[in-house]
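A look at the structure
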Amino acid sequence: MLYGLVALLVVVALVLFLAKVAVGGGIIGIVALILLVWVVLNARRAGPIR
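With that settled, the discussion passes to the overall build of the chain. A tally of helices and strands in the chain yields 2 helices and 0 strands. Out of the 50 residues in the chain, the part that is buried amounts to 14%. Counting only carbon and sulfur atoms, one obtains 81% of the accessible surface of the chain, whose full area is about 4,300 Å².

Laid out in C-alpha cells, this is it:
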C-alpha cells in the first residue's frame, strides 16, 4: 500500500514537471508533452498501481 502511494506521488510530480516544461514551449516542450501522453497511456493500460 505504501509503495503504491509513493509511486503515485512520483507519477504526479513527474506529470506536473512535464506539464510545466511543455508550457515553456520549444522542442523540449514538445518532447515532454509526447512523453507525458505516453506515460498516461501506459498507466491506463497497466491498470491500478500494485
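Let us now look at the environment of Ala-32. If you trace the backbone, Ala-32 turns up in helix α2 (residues 26-46). Between the alpha carbons of Ala-32 and Lys-20 there is a distance of 9.1 Å; along the sequence they are 12 residues apart.

Moving on to a nonpolar patch on the surface. The grouping of Leu-2, Leu-5, Val-6, Leu-8, Leu-9, Val-10, Val-12 and Leu-16 at the surface amounts to a nonpolar patch, some 770 Å² of accessible area in total. Among the structural elements, Leu-16 can be located in helix α1 (residues 2-24).

How each quantity is defined
Residues numbered from 1 in each chain as written. Predicted model: local features only at pLDDT ≥ 70, side-chain atom pairs only at ≥ 80, totals over all residues. Heavy atoms only, no water. Helix = DSSP H or I, 4+ residues; strand = E, 2+ residues; numbered from the N terminus. Buried < 20%, exposed > 50% of the residue type's maximum accessible area, 1.4 Å probe, protein only. Areas by Shrake-Rupley, 256 points an atom, 1.4 Å probe, with all protein chains shown as cover. Patch = residues over 30% accessible without salt bridge, like charges linked within 9 Å, V, L, I, M, F, W, Y side chains within 5 Å. Salt bridge = Lys/Arg side-chain N within 4 Å of Asp/Glu carboxyl O.

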